[in-house]
Amino acid sequence: MSISPVFVLDLGSTKVVCLAASLTEKGDVRVEAFSQVGCRGVKQGVVHDVDATATAIDEAVSRVERSLGEAVDDLVVSIAGAHLQSVNAQGFVPIYPSSRQIRQDDVLSVINHSRQIVMPADREQIMAIPREFRIDGQRGVSKPIGMSGGRLEVVTHVVTGQSAKVSSVERAVTLAGRRVREMVPQPLATGLGVATMGQLEDGCVVVDIGGGTTDVAVFANGAIAYSGSVPVSSNHVTSDLSTLLKTSPDEAERLKTQFGACLSRVVSENERVEVKQTDQAEPRPMQRRVLCEIIESRMREIGTLVRRQIDMSGLNGQLPAGLLLTGGGSQMQAIDALFCEVLGVSKAAVVSPKVAGPHAKSVEVPTMSTSVGLARYCLESDEHEFAPVSGFTNWKEKIRTLRNPFNKKG
Ligand SMILES: Nc1ncnc2c1ncn2[C@@H]1O[C@H](COP(=O)(O)OP(=O)(O)OP(=O)(O)O)[C@@H](O)[C@H]1O
Ligand SMILES: [Mg+2]
């Protein structure tokens, strides 16, 4: 368990967030300092303008440094985009002599064996999280060290990304004068930011509707089972409104956030909104329902793409804790009803992260779920248990577990 604060950086498509967090005695995430800086360097989750992103990172981190009075050198950074892929890989090692106690180096060997997956030359592994160990075929083992057996197996959640896109994240952080301590895929981070231990155990899906991507993470038995990302999100709603209603992007954003709803049928035919069109001198009244029809059509598309992701996890219909919606784009009227309808589930809720400390009010909002999850990922994982014995030189060699699930049983 980490006691000293961790520094995390969420590179979103609309903003960069830097957050310093520690764990309270009760085990809650306590936010010591945070900052948020608008950023146009990231598109659909991918750093496409390294300089602009580096400038925003430097600004965000410097603000946290000033507020804490200490320098921040290395950061746990989120990575996103439709280039991310996840697979559940398996590995095994024989234990010699048979039935001796399993040691840390056996666990590392078996995890590394599971990571020997065939990948195209332009991709690389971002992280591998062991989901479950098996000893002599006995399933559901969480902590194999000290147990005895002749054969150790593991199922690992491996996330890969395109090397060029991973490098551009690293370049932006380096250009901002800091180092990447670790990279964490946004779907996993967001999931850990909002789901309770019970929901992770029971099985749930977390959907983060951000500005540029919609991330999906499926959890079962306390571990991540699937993660993916679709490149359509709430900024697309804004550009649809801007194009179809002939407004500026700012006016479209205002209409979306103030009057948007995901189901046009919940809006009365009589409601009117004033719309400032670019070719008109004066605002014109328009049926709010028309605005919501445009929104509904795009949100249905997002819902359908999310459903496909959940189908790919193979766990659709086996997620009793239901659907947790978060991210800036989740703050729209009737979003829970629309997602229940499109995904064919009975339970959906819009959720925000829960934190302790003086910044709780500002941080407990859907746009901060990923940042809080990055902190939880680091603070609650058992880094040392599976860190390579010889020490690591690069973040890509680190192996973490999710501490809570792994401490719970086995
Ligand atoms: N009240 C609201 N209703 C609807 N959408 C909103 C509301 N408030 C913010 N948004 C939208 O949320 C989006 C930003 O969300 P968020 O901060 O989660 O994105 P991000 O983390 O920067 O991007 P991403 O995670 O996709 O890379 C913007 O498209 C914004 O218009
Ligand atoms: Mg985000």
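Rules used throughout
Residues numbered from 1 in each chain as written. Chains lettered and ligands numbered in written order. Predicted model: local features only at pLDDT ≥ 70, side-chain atom pairs only at ≥ 80, totals over all residues. Near = placed C-beta within 6 Å. Helix = DSSP H or I, 4+ residues; strand = E, 2+ residues; numbered from the N terminus. Pairing = 2+ DSSP bridges. Axes fitted to C-alpha atoms, helices over the stretch in contact; angles between N-to-C directions. Contact = placed C-beta atoms within 7 Å. Expected span 1.5 Å × (residues − 1). Buried ≥ 20, exposed ≤ 12 C-beta atoms within 10 Å, placed from the backbone. Arc of directions from axis to C-beta. Domains from an automatic or database assignment. pLDDT = per-residue confidence, 0-100. Core = buried A, V, L, I, M, F, W, Y, C linked by C-beta atoms within 7 Å.

Visitor: Please give an account of the site of ligand 1 that cites residues and values.
Guide: In the vicinity of ligand 1, 24 residues are found, and the nearest of them are Gly12, Ser13, Thr14, Gly210 and Gly328. At the level of secondary structure, the elements contributing two or more residues to the shell around ligand 1 comprise helix 6 (234-245) and helix 7 (249-259).

Visitor: Break down the sheet that holds strand 10 (residues 151-162) for me, with residues and values.
Guide: Judged by pairing direction, the sheet is antiparallel, and its four strands sit side by side in the order 7-10-8-9 without closing on themselves. Every other strand in the sheet has two partners, leaving strand 7 (85-94) and strand 9 (138-141) as the edge strands with one partner each. Across the sheet, the mean angle separating the axes of adjacent strands is 40° when strand polarity is ignored. In this structure, strand 7 lies alongside strand 10, joined through ten bridges in antiparallel fashion. Bridge pairing links Gln85 to Thr160 in strand 10. Packed on one face of the sheet, helix 2 (residues 104-114) meets strand 7, strand 8 (123-135) and strand 10 and runs near 135° to strand 7. Against the sheet, helix 3 (residues 163-175) touches strand 8 and strand 10, its axis set at about 75° to strand 10.

Visitor: If you had to explain helix 1 (residues 50-68) to someone new, which residues and values would you point to?
Guide: With 19 residues, helix 1 extends 27 Å between its outermost C-alpha atoms, agreeing within 8% with the 27 Å of an ideal straight helix rising 1.5 Å per residue. Burial in helix 1 covers these residues: Thr53, Ala54, Ala56, Ile57, Ala60, Val61 and Val64. Seen along its axis, helix 1 keeps its buried residues to an arc of 165°; they face one direction. Of the exposed residues in helix 1, the ones pointing more than 90 degrees away from its buried face are Asp51 and Arg66. Residues of helix 1 that are buried in the fold lie against strand 1 (6-11), strand 2 (15-23), strand 3 (29-38), strand 4 (42-43), strand 5 (46-47) and helix 3. Of the residues trailing helix 1, Gly69 is marked for its positive phi of about 70°.

Visitor: Break down the environment of Asn88 for me, with residues and values.
Guide: Here Asn88 shows up in strand 7. As for Asn88 and Pro130, which are separated by 42 residues in sequence, their C-alpha atoms are 9.2 Å apart. Leave out the neighbours within four places in its chain, and Asn88 touches Arg131, Val155 and His157.

Visitor: Go over unusual backbone geometry, please, and point to the residues and values.
Guide: Residues Tyr96 and Pro97 are joined by a peptide bond in cis, for which omega reads -20°. As for its placement among the helices and strands, Pro97 is situated in the loop between strand 7 and helix 2. A positive phi angle, close to 50°, is found at Asp136, a residue other than glycine. Among the secondary structure elements, Asp136 is positioned in the loop between strand 8 and strand 9.

Visitor: Can you lay out the domain arrangement of the chain for me, pointing to particular residues and giving the numbers?
Guide: Domain boundaries assigned for the chain yield domain 1 (85-162 + 398-408) and domain 2 (196-350). Taking only C-alpha atoms into account, the centre of domain 1 sits 36 Å from that of domain 2.

Visitor: Can you explain helix 2? Please cite residues and give values.
Guide: Among the residues of helix 2, those classed as buried are Val107, Val110, Ile111 and Ser114. Mapping the buried residues of helix 2 onto a view down its axis gives an arc of 100°, with all of them on the same face.

Visitor: I'd like to hear about the confidence of the model for the chain, residue by residue, with values.
Guide: Per-residue pLDDT for the chain averages 92, and the proportion of residues at 70 or more is 92%. Confidence drops under pLDDT 50 across residues 404-410; counting only partners more than four residues distant or on other chains, this segment forms 17 contacts.

Visitor: An account of the environment of Ala80 is requested, with residue identities and associated values reported.
Guide: Structurally, the position occupied by Ala80 is in the loop between strand 6 (74-79) and strand 7. Considered as a pair, Ala80 and Glu271 are 191 residues apart in the sequence and their alpha carbons are 38 Å apart. Dropping the residues within four chain positions of it, Ala80 is found in contact with Gly45, Gln186, Thr213, Asp215 and Ser229.

Visitor: Hey, could you go over the nonpolar core for me, with residue numbers and the actual values?
Guide: If you look at the biggest cluster of nonpolar residues, it comprises 115 residues, and the most contacted ones within it are Cys18, Ile57, Val77, Val218, Phe219 and Ala375. Ranked by residue count, the leading element in this core is helix 8 (residues 288-313), at eight residues. Shared between two domains, this core holds at least three residues of each, these being domain 1 (85-162 + 398-408) and domain 2 (196-350). Once you skip the residues sitting within four places of it in the chain, Val77 turns out to touch Leu9, Leu11, Val169, Val173, Val180 and Met183.

Visitor: Mind laying out the pairing of strand 1, listing which residues take part and the relevant values?
Guide: Summarising burial for strand 1: six of the six residues are buried, a large majority. Burial along strand 1 is two-sided: Val6, Val8 and Asp10 facing one way and Phe7, Leu9 and Leu11 facing the other are all buried. In terms of strand pairing, strand 1 meets strand 2 through six bridges, oriented antiparallel. Considered in strand 2, the bridge of Phe7 is made with Ala20. Linking two consecutive strands that pair antiparallel, namely strand 1 and strand 2, is a turn of three residues. Here two bridges tie strand 1 to strand 6, and the two strands are oriented parallel to one another. Across the sheet, residue Val8 finds its bridge partner in strand 6, namely Val76.

Visitor: Would you mind going over the sheet that holds strand 13 (residues 214-220) in detail, with residue names and values included?
Guide: Ordered by their spatial adjacency, five strands build an open sheet running 14-13-12-17-18, and the pairing between neighbours is mixed. Lying at the two open borders of the sheet, with one neighbouring strand each, are strand 14 (223-230) and strand 18 (348-350). With strand direction ignored, the average angle separating the axes of adjacent strands in the sheet is 20°. Here strand 17 (residues 323-326) pairs with strand 18 via three bridges, running parallel. Of the residues in strand 18, the one forming a bridge with Leu324 is Ala349.

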